[in-house]
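Structural characterization, general
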Amino acid sequence: SLNARFDYGFGASASYAYTYEHFPKGVPLTTSTRPHALTAKVTYDHAWKKVALNVVLSGRYMSGLTSDEYTSLTDLTQTTRVHYPGYTIWRFNTSVTLWQALRLHFTIDNLFNYIPKVYYSNSPQTVGISFSGGFSLDIDQFDFKKNKK
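Residues numbered from 1 in each chain as written. Predicted model: local features only at pLDDT ≥ 70, side-chain atom pairs only at ≥ 80, totals over all residues. Heavy atoms only, no water.

**As for the overall build of the chain**
- The helix and strand inventory of the chain stands at 0 helices and 9 strands.
- When the helices and strands of the chain are placed in sequence order, the string is β-β-β-β-β-β-β-β-β.
- Dimensions of the chain, computed from the C-alpha atoms along their principal axes, are close to 85 × 35 × 25 Å.
- Residue pairs in contact within the chain that sit at least 24 positions apart in sequence constitute 49% of those at least 6 positions apart. (Helix = DSSP H or I, 4+ residues; strand = E, 2+ residues; numbered from the N terminus. Contact = heavy atoms within 4.5 Å.)

As structure tokens, then:
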């Protein structure tokens, strides 16, 4: 894993994992573990007097996987070799905070609209790109006493 903060509110991080599963000779390769996994994130944060901005681009890459699948419910020696492709999914979120009390946010999930050709246990459960947004109001940040005469 690597993590860095740069000048002017920029940051970046990345993480990589390699997994090796050993199967004894003659045993079906019934795995759902993807050998390579990589995550990455780039951030930007900046605050002015009454406005704060946060922008995040994050993603993950999962490598392809070759596995054996059982083709019979009664004979556990019958398998077929299947390859599942690798994929990458990215997310973009941004938020703006006004007066330390009102937060507006917007997210694009699955930024590049990845849709698996076949859904299986180790594929992302997505039907494509999605958008969400919202706001929150923190009333504890308002000073109501200041406005009273």
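Moving on from the model shown.
**Some remarks on the environment of alanine 101**
- Along the chain, the position of alanine 101 falls in the loop between strand E7 (87–98) and strand E8 (102–109).
- You can call alanine 101 buried: its relative accessible area is 5%.
- As for alanine 101 and aspartate 140, which are separated by 39 residues in sequence, their C-alpha atoms are 7.8 Å apart. (Buried < 20%, exposed > 50% of the residue type's maximum accessible area, 1.4 Å probe, protein only.)

**Focus on the environment of isoleucine 89**
- Looking at the secondary structure, you find isoleucine 89 in strand E7.
- Along the primary structure isoleucine 89 and phenylalanine 112 are separated by 23 residues, whereas in three dimensions their C-alpha atoms are 7.2 Å apart.
- When near neighbours in sequence (up to four residues on either side) are disregarded, isoleucine 89 contacts Ser58, Gly59, Arg60, Asn110, Tyr114, Pro124 and Thr126.

**A look at the packing of aromatic side chains**
- This structure, assessed with the given rule, holds 3 aromatic pairs.
- Arranged with centres 4.8 Å apart and planes meeting at 45°, the rings of phenylalanine 10 and tyrosine 44 form a pair that is tilted. Within this pair, whereas phenylalanine 10 is found in strand E2 (residues 10–18), its partner tyrosine 44 is found in strand E3 (residues 36–47), the two being separated by 34 residues in sequence.
- Under the relative-accessibility criterion, phenylalanine 10 is labelled partly exposed at 41%.
- Summarising the aromatic geometry, the rings of tyrosine 87 and tyrosine 114 are spaced 5.4 Å apart at their centres and angled 15° between planes, so their arrangement reads as stacked. One end of the pair, tyrosine 87, is in strand E7; the other, tyrosine 114, is in the loop between E8 and strand E9 (130–137), and 27 residues separate them in sequence. (Phe/Tyr/Trp six-rings, centres within 6.5 Å; stacked < 30°, edge-to-face > 60°.)

**Looking at the sheet that holds E7**
- As summarised here, the arrangement of the 7 strands in space is E1-E2-E3-E4-E7-E8-E9, forming an open sheet in which the pairing is antiparallel. Since the sheet does not close on itself, it has two edges, and those belong to strand E1 (2–5) and E9, each with one partner. Strand after strand, the sheet turns through a mean of 10° between neighbouring axes, direction not considered. (Pairing = 2+ DSSP bridges. Axes fitted to C-alpha atoms, helices over the stretch in contact; angles between N-to-C directions.)

**Considerations on the side chain of threonine 43**
- Inspection of the secondary structure assignment puts threonine 43 in strand E3.
- Residue class for threonine 43 comes out buried when judged on its relative accessible area of 14%.
- A polar side-chain atom of threonine 43 sits 3.2 Å from a polar atom in the side chain of arginine 5.
- Those residues in contact with threonine 43 that sit more than four places away from it in its chain are Arg5, Gly9, Phe10, Gly11, Val55 and Val56. (Polar contact = N/O pair within 3.5 Å; in protein donor to acceptor, adjacent residues only side chain to side chain.)

**A few points about the environment of lysine 117**
- Relative to the elements of secondary structure, lysine 117 occurs in the loop between E8 and E9.
- Judged by its relative accessible area of 86%, lysine 117 is exposed.
- For the pair formed by lysine 117 and proline 85, sequence separation is 32 residues and the distance between their alpha carbons is 9.5 Å.

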